[in-house]
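Residues per chain are reported as follows:
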Amino acid sequence: MYTNNKIAKAVRLAIAFGAASTLTMHSVAVSAQEEAAAEQQVEKIQITGSRIRSANAVSTSPIATVGELEIEQQQQPEIERIFRNMPASLPGDNSNVNNGTGGAATVNLRGLGSNRNLVLMNGKRMVPYNTAGSVDTSTIPTAIIDRIDIVTGGASAVYGSDAISGAINVILKKNFEGVELDVSHSRTAEADAQTKNIALTLGGNFDDDRGNAVLSFSWLDRDPLLLGQRSLGNYGIATASGANYQNFVDGIAPVPPADPLCGGSTPNVVAPGGGSGTTIPTRVGVVGVPAVAGQFRDDGTLGIGPACSAFNFNPFNYYQTPAKRYSATAMAHYDLNDEHSIYGTFNFTNTSVRQQVAPSGIFGSTFWIPMANPFLSAQARNAILTGSNANIGALNGPGLETWRDVNGNGVVDEADSLLMSVNRRTPELGARSTSFNTDQFQIVAGIEGFINDSWAYDVSIQHGETNRVNTNAGYTNVANIANALNAVSETECLTGGAGCVPLNVFGGFGTITPEMAAYASATAFSTTEYQQRVFSAIIDGPFDSVVSPFAESSLAMSFGYEYREEIAFFNPDECLKLAPASCLGGAGGNSLPVGGSFKVTELFGEGKLPLIENVAMADIVELEFGYRHANYDTVGENGSWKLGLAWRPVDELLVRVMKQKATRAPNVGELYAPLTSGLENANQDPCSVANAANIDATLRARCIATGMTDAQVGAVDDIVSGQINVLSGSNPNALPDAETADTLTAGFVWTPAFDTVKRAQFSVDYCDIDVSGYIGENTPQEILDGCYVLGNTSQCAQINRIGGGLTISGSGIQAYTTNLSYLRTSGLEFAFNFGFDLDSFGSIDFSGNVNKYLKVEQLSSPVSEVIDCKGFYGTNCDPQHDLRATQRTTWNYEDLSISLLWRYLGSIERETAQQAATFEPFRQIGSYSYFDLFANYHITDGISVSLGVDNLLDRDAPVVGGEAGSTSVNSGNTFPGYYDMLGRTYRASVSLKF
């Protein structure tokens with residue numbers, strides 16, 4: 001048995017060292033209260049990162065702790081925003097992701113992806129929301145969070161698969177008593193982008209304090225913010241040339257087309273240079289014949305030659321997506337007797353998120369168009385026929401039919417049909433949107449207690465489900481448009497049946513009537529279902545007979561068994577299934593059903609053995625070890641382990657090192673994804689007109705070897721808006737195996753005792769994570785560069801051109817999901833806490849965290865080049881600042897608390913290989929500092945009011961153009977998930993406690 005003194009000392013050490021971290025955001029005042037309360041308990045304690053309850057609790061792995069007070073000071077009802085502000089975490093999916101969002105809020109620890117960190121609630125896995133196995137953190141009940149522990153490095157030996165970059169454990173208040181009502185509101189200085197939140201929590205003890213029950217309800221409403229509501233987002237700025245940048249600087253509105261008949265009177269139609277080539281009036285071309293391409297005018301005439309307009313798609317997109325959330329959580333625990341307790345948790349959340357982009361259109365799809373189409377003007381028909389006959393040798397090239405000589409006279413005339421590409425924005429259909437409506441619930445039930453005086457147990461079962469409906473609206477129906485363009489009459493189509501309405505796209509805005517729009521538009525639905533079931537049984541306690549000759553405490557062990565089953569289904573409707581690009585114009589590709597499951601049985605054990613105790617320069621030296629064996633019905637057997645050493649030479653200093661092997665088994669989406677086409681990001685087609693000046697003989701030969709004619713090299717269109725068609729899915733010939741990671745953390749925590757400096761704590765940790773055989777896909781640009789720059793024939797084979805180009809439907813890049821070479825990241829983290837008592841003036845505290853990345857690399861295959869992302873951004877690298885830091889200063893005086901948070905992002909550069917093709921001012925972003933001010937006043941013991949200002953100095957976001965990175969992170973000419981686009985934001989909240 002442990003004495004009360006030893007327990008008290010262990011609790012103090014656990015608070016000082018176990019929760020000491022690379023990000024010490026936990027309030028020192030709260031820590032002091034917890035220490036005082038904990039000294040009254042005579043039981044062993046358990047810390048995140050280990051299942052062993054030990055009186056000698058020290059953390060061998062770094063643990064970042066975000067406390068209740070820090071959450072209150074940031075006034076963020078969305079916990080994802082708290083994670084995003086952490087230097088060790090990069091933005092995942094969030095409220096500032098529009099084109100590319102999954103309608104969720106995810107965590108991206110150390111930039112290794114949201115599927116490489118494990119999210120727990122009270123130590124139990126949370127159910128994912130999609131087939132990729134990602135957890136939506138918006139389902140976490142913020143109002144009843146006690147603290148959040150983030151374990152750095154691989155934690156698979158303790159928690160199982162997915163904990164490669166770390167594990168996040170959200171710990172809820174399990175002994176809440178009373179009633180608490182929290183009401184908060186935020187809005188920008190522009191009086192927009194409002195967020196409203198209400199949370200009601202009720203709890204109390206029952207049956208002579210043998211049990212406690214808690215109920216918490218919350219509601220959140222987040223308003224949208226359009227790009228058009230900020231000057232930076234009002235118009236597309238070209239990353240490569242800087243087109244329209246000076247107009248933005250000078251406050252000049254988007255420039256209309258020079259030709260007033262080229263959509264000049266249509267909203268958001270602008271002069272070429274910064275918008276989308278899919279514009280209005282319609283652009284057309286004969287497939288494989290670059291000389292026969294041009295753009296209509298509003299009067300129906302056709303001008304052969306360069307585009308005369310572009311479409312300003314920016315204003316329709318969101319800087320902040322709208323959302324609504326309803327959540328209910330119930331928790332209870334009950335002591336059956338002194339040794340055994342039962343517990344349970346139920347959480348339900350409904351979330352609705354809406355994503356919106358510019359009006360749909362016909363994005364380069366190809367159609368057979370009769371030259372007798374009644375909507376073609378005589379001038380336009382004559383221009384197409386004249387150009388086609390002048391280039392008749394280019395028609396019906398090898399393996400591609402582009403001309404149907406219906407009358408067999410060998411001349412392209414009005415009786416024939418041509419295969420034509422069409423680019424036409426369709427504002428008549430309204431904006432495109434996807435609404436994500438999700439119901440998610442999770443039930444956990446268990447019993448825990450003591451087998452005897454020393455050994456404890458915990459047996460639990462849990463079940464979670466996610467049911468989601470995605471609704472795509474405002475899109476064109478490509479299949480119906482194919483029928484509607486195949487017409488020689490204004491009232492009947494040659495194909496499509498009696499319901500087909502011939503479509504007029506051969507002009508400007510208004511040529512599509514409401515009747516035409518009804519037939520040419522589409523709404524599509526998809527559903528996602530995810531189920532997770534987990535059974536676990538754990539025992540832990542000491543082996544009294546196993547004691548080091550130099551220590552007093554015995555070996556403490558934990559053993560467990562876990563069975564987990566995960567089932568996921570994605571079901572698109574018939575519209576989304578249509579190949580190659582669904583029936584939705586501008587949706588990026590088709591979707592096919594994904595369905596599958598996996599089961600895993602795991603046995604695990606871990607131990608802590610004090611090697612030396614209570615001697616000079618060794619208050620304790622403790623060995624920590626663990627092993628987990630997993631047997632999957634998909635990828636077979638694998639193992640993970642940990643081995644670490646904690647050395648406390650004196651009470652004030654902890655030195656720690658931990659080596660671990662972590663694993664991540666492929667999820668349902670990676671194992672069972674069918675082959676589908678879609679859009680992904682790329683920078684440039686090296687064989688296109690955009691690179692014509694740099695095409696030498698070697699590159700020309702490589703372009704021709706991938707299916708181009710000599711005349712097409714340097715003449716075909718470049719990829720559109722930084723996106724390219726990609727064929728993706730699980731490689732049928734090489735399904736992915738589990739990925740593994742070797743992780744190393746080493747550092748120290750120092751808690752000195754000074755007379756004048758109070759609450760002092762400093763930590764420095766080194767972290768290295770090396771992921772081998774990571775599951776992913778080659779980036780499209782990597783494949784293009786691998787072929788045309790490095791000359792890799794295997795990557796050239798992944799390029800499929802049609803008519804020489806990569807913009808025609810059916811063309812694109814093959815990028816299958818498989819095991820790639822490696823991901824590597826390493827860095828140093830420094831954290832500190834200290835304060836001063838100011839006597840009658842209260843107290844002041846300082847805390848902070850600095851994260852310095854030393855390495856961020858990835859290699860997809862031995863024939864590729866290493867991609868170095870440290871300090872860079874681009875199409876291969878989401879912004880990866882090599883230095884991120886936060887620092888908080890808090891002054892407490894009686895019932896008043898005032899706090900200032902400084903958020904710092906180091907300077908960052910455009911990827912080296914993309915520098916030359918980037919407008920010079922967009923090649924680097926300087927360092928950024930944001931300051932957030934918070935004040936709280938306790939009016940009474942039960943009433944407090946909080947006020948806050950984010951981005952106090954109203955710092956503008958950097959300008960990088962619209963093609964500087966992946967679509968999900970690069971929006972509105974900046975990176976809105978990394979830099980503030982809302983501007984100065986005011987926050988207010990009221991808390992009532994009874």
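Basis of the calculations
- Residues numbered from 1 in each chain as written.
- Predicted model: local features only at pLDDT ≥ 70, side-chain atom pairs only at ≥ 80, totals over all residues.
- Heavy atoms only, no water.
- Helix = DSSP H or I, 4+ residues; strand = E, 2+ residues; numbered from the N terminus.
- Buried < 20%, exposed > 50% of the residue type's maximum accessible area, 1.4 Å probe, protein only.
- Contact = heavy atoms within 4.5 Å.
- Areas by Shrake-Rupley, 256 points an atom, 1.4 Å probe, with all protein chains shown as cover.
- Lys, Arg positive; Asp, Glu negative; His and termini not counted.
- Charge placed at Lys NZ, Arg CZ, Asp CG, Glu CD.
- Expected span 1.5 Å × (residues − 1).
- Polar contact = N/O pair within 3.5 Å; in protein donor to acceptor, adjacent residues only side chain to side chain.
- Disulfide = S-S within 2.5 Å.
- Patch = residues over 30% accessible without salt bridge, like charges linked within 9 Å, V, L, I, M, F, W, Y side chains within 5 Å.
- Salt bridge = Lys/Arg side-chain N within 4 Å of Asp/Glu carboxyl O.
- Phe/Tyr/Trp six-rings, centres within 6.5 Å; stacked < 30°, edge-to-face > 60°.
- Lys NZ or Arg CZ within 6 Å of the ring centre and 35° of its normal.
- Pairing = 2+ DSSP bridges.
- pLDDT = per-residue confidence, 0-100.

Asker: Looking at this structure, I do not really get the overall build of the protein chain. What am I missing?
Answerer: Broken down by element type, the protein chain carries 14 helices and 51 strands. Across its three principal axes, the protein chain shows a C-alpha extent of roughly 105 × 60 × 50 Å. In the protein chain, which comprises 994 residues, the proportion classed as buried is 58%. Sequence-distant contacts in the protein chain: of pairs separated by 6 or more residues, those separated by 24 or more amount to 72%. With the model as given, the accessible surface of the protein chain reaches about 36,600 Å², and the carbon-plus-sulfur share is 57%. For the protein chain, the distance from the average position of its 61 positive side-chain charges to the average position of its 102 negative side-chain charges is 2 Å.

Asker: Can you walk me through helix H7 (residues 378-390) in this structure?
Answerer: The α-helix advances 3.6 residues per turn, and as a result positions three or four apart in sequence lie on the same side. Between its terminal C-alpha atoms H7 stretches 18 Å, which fits the 18 Å expected from 13 residues at 1.5 Å a residue. Residues of H7 that are buried: Ala380, Arg381, Ala383, Ile384, Leu385, Gly387 and Ser388.

Asker: So what exactly am I meant to see when it comes to the side chain of Arg125 here?
Answerer: Inspection of the secondary structure puts Arg125 in strand S7 (residues 124-125). In terms of polar contacts, Arg125 uses its side chain to reach the backbone carbonyl oxygen of Ser161, at 2.8 Å. At a separation of 3.4 Å, a polar atom in the side chain of Arg125 contacts the side chain of Asp162.

Asker: I would appreciate a short explanation of the state of the cysteines in the present structure.
Answerer: Formally, a disulfide is one covalent bond, and it connects the sulfur atom of one cysteine to the sulfur atom of another. If you walk through the whole model with that rule in mind, you get 6 disulfides. Through a disulfide, Cys575 is tied to Cys583; the S-S separation comes to 1.8 Å. Its S-S torsion of about -85° marks the bond between Cys575 and Cys583 as left-handed, since a negative value means left-handed. On the basis of relative accessible area, Cys575 is assigned to the buried category, the value being 11%. Between Cys687 and Cys703 runs a disulfide, and the two sulfur atoms are separated by 1.9 Å. Residues Cys687 and Cys703 share a disulfide whose torsion about the S-S bond is about -90°; that sign makes it left-handed. Here the residue Cys687 occupies a position in the loop between strand S34 (676-681) and helix H12 (697-705), and Cys703 occupies one in helix H12, the gap between them amounting to 16 residues. The cystine pairing of the protein chain, numbering bonded cysteines in sequence order, is 1-2, 3-4, 5-6, 7-8, 9-10, 11-12. Free of any disulfide, Cys767 has its nearest cysteine sulfur in Cys869, 17 Å distant. Using a relative accessible area of 4% as the deciding quantity, one classes Cys767 as buried.

Asker: How should I be thinking about H12 in this particular structure?
Answerer: The N-terminus of H12 is capped by Asp696, whose side-chain oxygen sits 3.3 Å from the backbone nitrogen of Thr698. Following H12 by one or two positions, Gly707 has its phi on the positive side, about 105°.

Asker: Mind showing me how you'd approach a nonpolar patch on the surface here?
Answerer: Taken together, the side chains of Leu838, Phe841, Trp891, Ile898, Leu900 and Leu933 make up a nonpolar region of the molecular surface, amounting to roughly 480 Å² of accessible area. By the element assignment, Ile898 lies in strand S46 (residues 896-905).

Asker: In this structure, what is going on with unusual backbone geometry? I would like to understand it.
Answerer: Trans peptide bonds make up most of the peptide bonds, and negative phi angles are found at most residues other than glycine. Cis geometry is adopted by the peptide bond preceding Pro281, which originates at Ile280 and carries an omega value of 5°. Positionally, Pro281 belongs in the loop between strand S14 (269-270) and strand S15 (283-286). Positive phi, close to 55°, is recorded for Asp839, a residue that is not glycine. Here Asp839 is to be found in the loop between strand S41 (822-837) and strand S42 (843-859). You will see that Asn973, though not glycine, has its phi angle at about 70°, which is positive.

Asker: Teacher, can you tell me more about the packing of aromatic side chains here?
Answerer: Geometrically, a pair of aromatic rings is defined through the distance of the ring centres and the angle of the planes. Under the definition given, this model contains 26 aromatic pairs. The cationic tip of Arg404 hangs over the ring face of Trp368; the distance from NZ or CZ to the ring centre is 3.9 Å. The cationic tip of Arg955 hangs over the ring face of Tyr928; the distance from NZ or CZ to the ring centre is 3.7 Å.

Asker: What is the right way to read the sheet that holds strand S48 (residues 924-925) from this model?
Answerer: In any sheet, the strands associate via hydrogen bonds between backbone groups, in a parallel or an antiparallel arrangement. Strand order in the open sheet formed by 3 strands is S44-S47-S48, and the pairing between neighbours is mixed. Of all the strands in the sheet, the pair left with one neighbour each is strand S44 (872-873) and S48. Inspection of the sheet shows S44 paired to strand S47 (residues 908-910) by 2 bridges, in the parallel sense. Bridging across to S47, Tyr873 finds its partner in Arg910.

Asker: What is the right way to look at the confidence of the model for the protein chain in this model?
Answerer: Note that predicted coordinates carrying low pLDDT should not be read in detail. Looking at the protein chain, the pLDDT average stands at 90 and 94% of residues meet or exceed 70. In this model, residues 1-43 is a region of pLDDT below 50 whose contacts with residues beyond four sequence positions or in other chains number 105 contacts.

Asker: Teacher, can you tell me more about the pairing of S46 here?
Answerer: When a strand is regular, its side chains alternate between the sheet's two faces. Of the two faces of S46, only one is covered, namely that formed by Ser897, Ser899, Leu901, Arg903 and Leu905; the face formed by Leu896, Ile898, Leu900, Trp902 and Tyr904 stays uncovered. Bridge count between strand S45 (residues 883-893) and S46: 10 bridges; the pairing is antiparallel. Residue Trp891 lies in a different strand from S46, and its bridge partner there is Ile898. If you look at the hairpin formed by S45 and S46, you'll find 2 residues sitting between the two strands, and Glu894 has a positive phi there, around 50°. Where S46 and strand S49 (residues 928-938) come together, 10 bridges link them in antiparallel fashion. Within S49, the residue paired with Leu896 across the bridge is Tyr937.

Asker: Is there a simple way to think about the pattern of salt bridges in this case?
Answerer: Pairing is possible between side chains of opposite charge, provided their charged atoms come close. Going through the model one piece at a time under the given rule, you end up with 36 salt bridges. Linking Arg84 and Glu80 is a salt bridge whose minimum nitrogen-to-oxygen distance equals 2.9 Å. Residue Arg84 and its partner Glu80 are located together in helix H4 (residues 79-84), separated by 4 residues, close to a single helical turn. A salt bridge links Asp685 to Arg801; the nearest nitrogen and oxygen atoms lie 2.7 Å apart. Taken together, the positions of Asp685 in the loop between S34 and H12 and Arg801 in the loop between strand S39 (799-800) and strand S40 (812-819) put the pair 116 residues apart, joining distant regions of the chain.

Asker: Looking at this model, I keep getting lost on a negative patch on the surface. Mind explaining?
Answerer: A cluster of acidic side chains, namely Glu177, Asp207, Asp208 and Asp209, defines a negative patch on the protein surface. Examined against the element boundaries, Asp208 turns out to sit in the loop between strand S11 (195-206) and strand S12 (211-222).

Asker: Whenever I open this one, the side chain of Arg884 confuses me. Can you help?
Answerer: By the secondary structure assignment, Arg884 is in strand S45. Within the local environment of Arg884, its side chain forms a polar contact with the backbone oxygen of Pro87, the two atoms lying 3.2 Å apart. Every residue in contact with Arg884, bar those within four places of it in the chain, is listed here: Arg84, Met86, Pro87, Ser89, Asn849, Val850, Asn851, Tyr904 and Leu905.

Asker: What is the right way to look at the environment of Gly948 in this model?
Answerer: Relative to the helices and strands, Gly948 resides in strand S50 (residues 943-950). Separated by 199 residues in the primary sequence, Gly948 and Val749 place their C-alpha atoms 32 Å from one another. Residue contacts for Gly948: discarding those within four places in its chain leaves Gln75, Leu933, Phe934, Thr985, Tyr986 and Arg987.

Asker: What is the right way to read the sheet that holds strand S3 (residues 63-67) from this model?
Answerer: The strand order across the open sheet formed by 5 strands is S3-S8-S9-S6-S7, and the pairing between neighbours is mixed. Each having just a single partner strand, S3 and S7 make up the two edges of the open sheet. Pairing of S3 with strand S8 (residues 145-152) involves 5 bridges; the strand directions are antiparallel. Note that in S8 the partner of Gly67 across the bridge is Arg147.

Asker: Teacher, can you tell me more about the pairing of S12 here?
Answerer: In this sheet, S12 lies alongside S11 in antiparallel orientation, the contact comprising 12 bridges. Within S12, the residue paired with Ile198 across the bridge is Trp219. In this structure, the hairpin formed by S11 and S12 is closed by a connection of 4 residues, where Asp207 is found at a positive phi of approximately 55°. Judged from the 12 bridges that link them, S12 and strand S20 (residues 323-335) form a sheet pairing that is antiparallel. Across the sheet, residue Ser216 finds its bridge partner in S20, namely Thr329.

Asker: Mind showing me how you'd approach the environment of Ala240 here?
Answerer: Among the secondary structure elements, Ala240 is positioned in the loop between strand S13 (225-226) and helix H6 (245-250). On the accessibility criterion, Ala240 (52% relative accessible area) is exposed. Between the alpha carbons of Ala240 and Gly962 there is a distance of 9.4 Å; along the sequence they are 722 residues apart. For Ala240, the residues in contact, after removing those within four places along its chain, are Ala917, Thr918 and Phe919.

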